[in-house]
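If you want the building blocks of each chain, they are given just below.
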Amino acid sequence: MDYSSFSGKVVKGRGYGRKIGFPTANIDRRSFVRLVKKPKEGIYAGHVAFTSGIEHPAAIVIGPKDVKGLPHLEAHILGFTGNLYGKQLVFLPKKFIRAFKKYPTEKALITAIEIDIKKIKSILNK
Ligand SMILES: Cc1cc2nc3c(=O)[nH]c(=O)nc-3n(C[C@H](O)[C@H](O)[C@H](O)COP(=O)(O)O)c2cc1C
């Protein structure tokens, strides 16, 4: 299954991802809103491309819609640490993993993310 890719500048998130051990790069929604076929809400295995052309495997999250009616767009880039604020990134979702859902505890969310990342690594052969 092929999904539309989209790009954006890294903006400040809430820092919650970092707190729970899975930092994410959040991008603005300008490119996403223009997509004719928007990938649905959920977690995807895919890649994140930097302007240099380098692509990293990533867990891409298309979150629930906010008050503006647009989803949060974020990616946990596998094997990458560094500051990406202000950088332009392309998100390339490849495979839908699961729907976004509310977890009863932080521990349950962390366990779910760990499982996602295992699946994503095996899908992307990393
Ligand atoms: C792979 C992955 C899957 C996630 N799935 C969910 C989810 O299903 N439900 C949820 O409430 N949060 C989920 N999160 C966490 C939220 O998106 C979290 O709020 C976010 O990573 C923190 O964003 P921040 O950059 O604004 O701090 C997931 C995060 C990652 C990296």
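Here the structure is shown first, and the text comes after it.
Below, the structure is looked at part by part. Values in this document were obtained by computation on a predicted structure and should not be read as measured data. (Residues numbered from 1 in each chain as written. Predicted model: local features only at pLDDT ≥ 70, side-chain atom pairs only at ≥ 80, totals over all residues.)

1. Concerning the overall build of the protein
Reasoning step 1: The helix and strand inventory of the protein stands at three helices and six strands.
Reasoning step 2: Taken from N to C terminus, the helices and strands of the protein fall in the order β-α-β-α-β-β-β-β-α.
Reasoning step 3: Taking 14 Å as the expected radius of gyration for a compact globule of 126 residues, we find that the protein reaches 14 Å, a close match to that expectation.
Reasoning step 4: Across its three principal directions, the C-alpha atoms of the protein cover 35 × 35 × 30 Å.
Reasoning step 5: A buried classification covers 25% of the 126 residues belonging to the protein.
Reasoning step 6: Put simply, 63% of the contacts in the protein that link residues at least 6 apart link residues at least 24 apart. (Helix = DSSP H or I, 4+ residues; strand = E, 2+ residues; numbered from the N terminus. Rg over C-alpha atoms; globule rule 2.2 N^0.38 Å. Buried ≥ 20, exposed ≤ 12 C-beta atoms within 10 Å, placed from the backbone. Contact = placed C-beta atoms within 7 Å.)

2. Considering the nonpolar core
Reasoning step 1: Val48, Ala58, Ala59, Ile60, Val61, Ala75 and Phe91 are the most contacted members of the largest nonpolar core, which totals 21 residues.
Reasoning step 2: Those elements that provide at least two residues to this core are strand S2 (25-27), strand S3 (42-50), strand S4 (55-65), strand S5 (71-77), strand S6 (88-98) and helix H3 (106-124).
Reasoning step 3: When residues of this core are assigned to their parent elements, the largest contribution, five residues, is made by S4.
Reasoning step 4: Each residue touching Ala59, except ones within four places of it in the same chain, is listed here: Ile43, Ala75, His76, Asp116, Ile117 and Ile120. (Core = buried A, V, L, I, M, F, W, Y, C linked by C-beta atoms within 7 Å.)

3. A look at the pairing of S4
Reasoning step 1: Pairing geometry for S3 and S4, over eight bridges, is antiparallel. In the sheet register, Gly46 faces S4, and the bridge partner there is Ala58.
Reasoning step 2: As consecutive antiparallel partners, S3 and S4 are separated by four residues, and within that stretch Gly53 has a phi angle of approximately 100°, a positive value.
Reasoning step 3: As paired strands, S4 and S5 are joined by six bridges and run antiparallel to one another. Paired with Ala58 across the bridge in S5 is Ile77.
Reasoning step 4: What sits between S4 and S5 in their antiparallel hairpin is a turn of five residues, with Gly69 showing a positive phi close to 80°. (Pairing = 2+ DSSP bridges.)

4. With respect to the sheet that holds S4
Reasoning step 1: Spatially, six strands are ordered S1-S2-S5-S4-S3-S6 in a closed barrel, and the strand pairing comes out antiparallel. Neighbouring strand axes in the sheet, compared pairwise and without regard to direction, differ in orientation by 45° on average.
Reasoning step 2: Contacting S3, S4 and S6, H3 runs over the sheet at an angle of about 135° to S4. (Axes fitted to C-alpha atoms, helices over the stretch in contact; angles between N-to-C directions.)

5. Digging into the site of the ligand
Reasoning step 1: Around the ligand there are 21 residues in total, and Gly13, Arg14, Tyr16, Gly17 and Ala59 lie nearest to it.
Reasoning step 2: Put simply, the parts of the chain that give the shell around the ligand at least two residues each are helix H1 (16-19), S4, S5 and H3.
Reasoning step 3: Considered class by class, the residues forming the shell around the ligand number nine nonpolar, seven polar and five charged. (Near = placed C-beta within 6 Å. Nonpolar A, V, L, I, M, F, W, Y, C, P; charged D, E, K, R; others polar.)

6. Side note on H3
Spacing of three or four residues puts side chains on the same side of an α-helix, whose turn is 3.6 residues.
Reasoning step 1: In a regular helix each residue adds 1.5 Å, so 19 residues correspond to 27 Å; H3 covers 27 Å between its end C-alpha atoms and thus fits that length.
Reasoning step 2: Just beyond H3, the residue with positive phi is Asn125, at close to 65°. (Expected span 1.5 Å × (residues − 1).)

7. Things to note about the environment of Gly46
Reasoning step 1: Note that Gly46 resides in strand S3.
Reasoning step 2: Through-space distance from the C-alpha of Gly46 to that of Ile77 is 9.5 Å; in sequence the pair is 31 residues apart.
Reasoning step 3: Setting aside chain neighbours within four positions, we find Gly46 in contact with Ala58, Ile60, Phe91, Leu92, Pro93 and Lys94.

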